[in-house]
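Now for the letters of each chain:
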Amino acid sequence: MRLPEAATLEKIYGESQESRKRYESLAKNYKENFQSDEMEFFTAPGRTEIVGNHTDHNGGKILAGSISMDTIGAAYPNGTDTIKIISEGYRKAIVVDLSALESVPKNLGSVSLVAGMMVAAKKNGFKVGGFNAYVSTQVISAAGVSSSASFEMLVCAITNYFFNEGKMRCIDYARIGQYAENNYWDKASGLMDQMACAVGGAIMLDFSKDDDHLCRQVEFSFSQIGYDLVIVNTGKGHADLSEEYSSVPNEMKEAAKACGAKLLCETDMETLLKNISKIDNDRAILRAMHFFEENARVDKAYEAARTGDAPALLQTISESGQSSWEWLQNCYTVQNPKEQKITLTLALTKLFLNRIGKGVCRVHGGGFAGVIMCVVPQDETADYVDYISGFVGRENVYPMNVRTFGAGHVE
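Everything quoted here is computed from the prediction, not taken from an experiment. (Residues numbered from 1 in each chain as written. Predicted model: local features only at pLDDT ≥ 70, side-chain atom pairs only at ≥ 80, totals over all residues. Heavy atoms only, no water.)

1. A look at the overall build of the chain
Here's step 1: Counting its regular elements, the chain contains twelve helices and twelve strands.
Here's step 2: For 411 residues, the compact-globule formula gives about 22 Å, and the C-alpha radius of gyration of the chain, at 21 Å, lands near that figure.
Here's step 3: The C-alpha extent of the chain, read off along each of the three principal axes, is 65 × 50 × 40 Å.
Here's step 4: Within the chain, buried positions represent 58% of all 411 residues.
Here's step 5: For the chain, contacts bridging at least 24 residues in sequence account for 72% of all contacts bridging at least 6.
Here's step 6: About 17800 Å² of surface is accessible on the chain, with carbon and sulfur atoms providing 47% of the total.
Here's step 7: Across the chain, the centroid of the 41 positively charged side chains sits 2 Å from that of the 52 negatively charged ones. (Helix = DSSP H or I, 4+ residues; strand = E, 2+ residues; numbered from the N terminus. Rg over C-alpha atoms; globule rule 2.2 N^0.38 Å. Buried < 20%, exposed > 50% of the residue type's maximum accessible area, 1.4 Å probe, protein only. Contact = heavy atoms within 4.5 Å. Areas by Shrake-Rupley, 256 points an atom, 1.4 Å probe, with all protein chains shown as cover. Lys, Arg positive; Asp, Glu negative; His and termini not counted. Charge placed at Lys NZ, Arg CZ, Asp CG, Glu CD.)

2. So, the sheet that holds strand 9 (residues 360-363)
Pairing between the strands of a sheet comes from backbone hydrogen bonds, and it takes one of two forms, parallel or antiparallel.
Here's step 1: Strands sit in the order 9-10-8-11 across an open sheet of four strands; the sheet is antiparallel. With partners counted over all chains shown, the strands left at the sheet margins are strand 9 and strand 11 (397-400), one partner each. Across this sheet, the average inter-strand angle for adjacent strands is 20°, counted without regard to direction.
Here's step 2: Two elements, strand 8 (residues 227-233) and strand 11, share four bridges in a ladder whose sense is antiparallel. Paired with Val232 across the strands is Val397, a residue of strand 11.
Here's step 3: The strands that helix 12 (residues 381-392) touches are strand 8, strand 10 (371-377) and strand 11; relative to strand 8, the one it contacts most, it runs at about 10°. (Pairing = 2+ DSSP bridges. Axes fitted to C-alpha atoms, helices over the stretch in contact; angles between N-to-C directions.)

3. Examining helix 6 (residues 192-199)
Here's step 1: Of all eight residues that make up helix 6, eight are buried, and the element is covered over most of its length.
Here's step 2: Looking at the packing, one finds that the buried side of helix 6 touches strand 1 (40-51), strand 2 (61-77), helix 4 (147-163), helix 5 (170-184), strand 6 (202-206) and strand 7 (215-218).
Here's step 3: Directly after helix 6, the chain includes Gly200, whose backbone phi takes a positive value near 90°.

4. A short note on helix 4
Here's step 1: Spanning 17 residues, helix 4 covers 24 Å between terminal C-alpha atoms, matching the ideal 24 Å at 1.5 Å per step.
Here's step 2: Burial runs high along helix 4: 15 of the 17 residues are buried. (Expected span 1.5 Å × (residues − 1).)

5. Examining unusual backbone geometry
Most peptide bonds take the trans form, and the phi angle of most residues other than glycine is negative.
Here's step 1: Although it is not a glycine, Gln35 adopts a positive phi angle of roughly 50°.
Here's step 2: Structurally, Gln35 is set in the loop between helix 2 (17-34) and strand 1.
Here's step 3: Taking the relative accessible area as the measure of exposure, Gln35 reaches 63% and is therefore exposed.
Here's step 4: Of note, Asn107 is a non-glycine position whose phi angle comes to about 60°, a positive value.

6. Here's the deal with the pairing of strand 5 (residues 131-137)
Here's step 1: With six of seven residues buried, strand 5 lies mostly within the body of the structure.
Here's step 2: As paired strands, strand 3 (residues 82-87) and strand 5 are joined by four bridges and run parallel to one another. Bridging across to strand 5, Ser87 finds its partner in Val135.

7. Overview of the nonpolar core
Here's step 1: By size, the foremost hydrophobic cluster in this structure holds 40 residues, and its most contacted members are Ile83, Ile85, Phe131, Met153, Ile158, Tyr173 and Ile176.
Here's step 2: With ten residues, the top contributor of residues to this core is helix 4.
Here's step 3: Setting aside chain neighbours within four positions, we find Ile158 in contact with Phe42, Ala75, Phe131 and Ala133.
Here's step 4: If you look at the next biggest cluster of nonpolar residues, it comprises 33 residues, including Ala202, Phe220, Ile225 and Leu314. (Core = buried A, V, L, I, M, F, W, Y, C linked by side-chain atoms within 4.5 Å.)

8. Quick notes on the environment of Ala196
Here's step 1: Inspection of the secondary structure puts Ala196 in helix 6.
Here's step 2: Overall, the relative accessible area of 0% leaves Ala196 in the buried class.
Here's step 3: Taking C-alpha positions, Ala196 is 24 Å from Lys236, a pair spaced 40 residues apart along the chain.
Here's step 4: Other than its neighbours up to four places away in sequence, Ala196 contacts Arg47, Ala64, Gly65, Ser66 and Ile203.

9. Examining the environment of Glu243
Here's step 1: Examined against the element boundaries, Glu243 turns out to sit in helix 7 (residues 242-258).
Here's step 2: Its relative accessible area of 60% is what places Glu243 among the exposed residues.
Here's step 3: A C-alpha to C-alpha distance of 9.9 Å links Glu243 and Thr333, two positions 90 residues apart in sequence.

10. As for empty space enclosed by the protein
Here's step 1: Counted under the stated rule, the structure contains two cavities of 30 Å³ or more.
Here's step 2: Here the second largest cavity defines a volume of roughly 40 Å³.
Here's step 3: Considering the residues around the second largest cavity, the lining is formed by Ser318, Gly321, Gln322, Trp325, Leu346, Lys350, Cys361, Arg362 and Val363.
Here's step 4: Contributions of two or more residues to the lining of the second largest cavity are made by helix 10 (310-328), helix 11 (341-356) and strand 9.
Here's step 5: Broken down by element, the residue count for the lining of the second largest cavity peaks at four residues, all from helix 10. (1 Å grid on protein atoms, 1.4 Å probe; cavity = no way out; pocket = protein on both sides within 12 Å on 5 of 7 lines; lining within 4 Å. Points joined across faces, edges and corners; volume = space filled by probe spheres on them.)

Here you go:
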């Protein structure tokens, strides 16, 4: 066993002291649980959605990025047909028998997820094998940064390194994770979460394209322009949000149908406006309008990130957030309009940003309840964290940044 080199840790994390402690703890726990010091190390980040809110399900575009919080694992083949994964903080190990994948029940959490991924890997022509792994994560759950996709991409990286000679691509990782979520977890996820966790850095995704042209990378992080990304968990909503979430793609598709298309990516704003009278749902029209304008904003944001044009990027993020609030309408649930944790936290954040005259904020991810993001100047980050913590609690405020290293083996 050899711990990752300091230069490698610097490349991934921007420092090597704290990250080395994490890998030392990982190695120690692996050795204690599996009685072996033969291991390799892996990492997979969480992700953030920068611009492109609720566009993927209608063939739209998204600017996303991996974040500095990651899931790490120590792993090694065990020479059997059994995968055994121990996750730090969980008492029960994940155990999957590769010779009996068809007998693994669905919707049983991580066990089902890993089994579904192995089924998908085999369906796509890749090899699978038994391994032991000890996993630790910084990726916060229920905060819109894709802790599940981070775990999935870590498992893919392990499978790729040990059993497939590095032949699996990021899109293969993503398809494998998506298949498992769709078929073994009843979660109708797209590819954005998995791709952003797998690729690393900032990426533009165009879901109207085929797999070979789906993703474009751009060298960008908020730290490059002097800002930090802060994710704020506003508190769990009390309503069942499944109907709210499904209404967004369904209503967009309703508008697309009136335009003679299946998805909105197959039509345009001009056609929509010509067919407004055919749509007996004002919110569906507004959501379709959001889609077209949001796609254009993603193009602008990508170009601004590519050229380092901070004012243009921040303006686009602000416009995107405003559109989500006003046109997409996913900042609170109509089931309980008195509970508006997202809009309240956005309003409180805007008071702070207006006072300092810099920075932007927006709903983060699916919306209706949960999480916002704030992009704040680095010299104001500590003050913002203190300020917003007074309303939501320090445990719900997470400063972070975009990192360039995706899911993979750590040398």
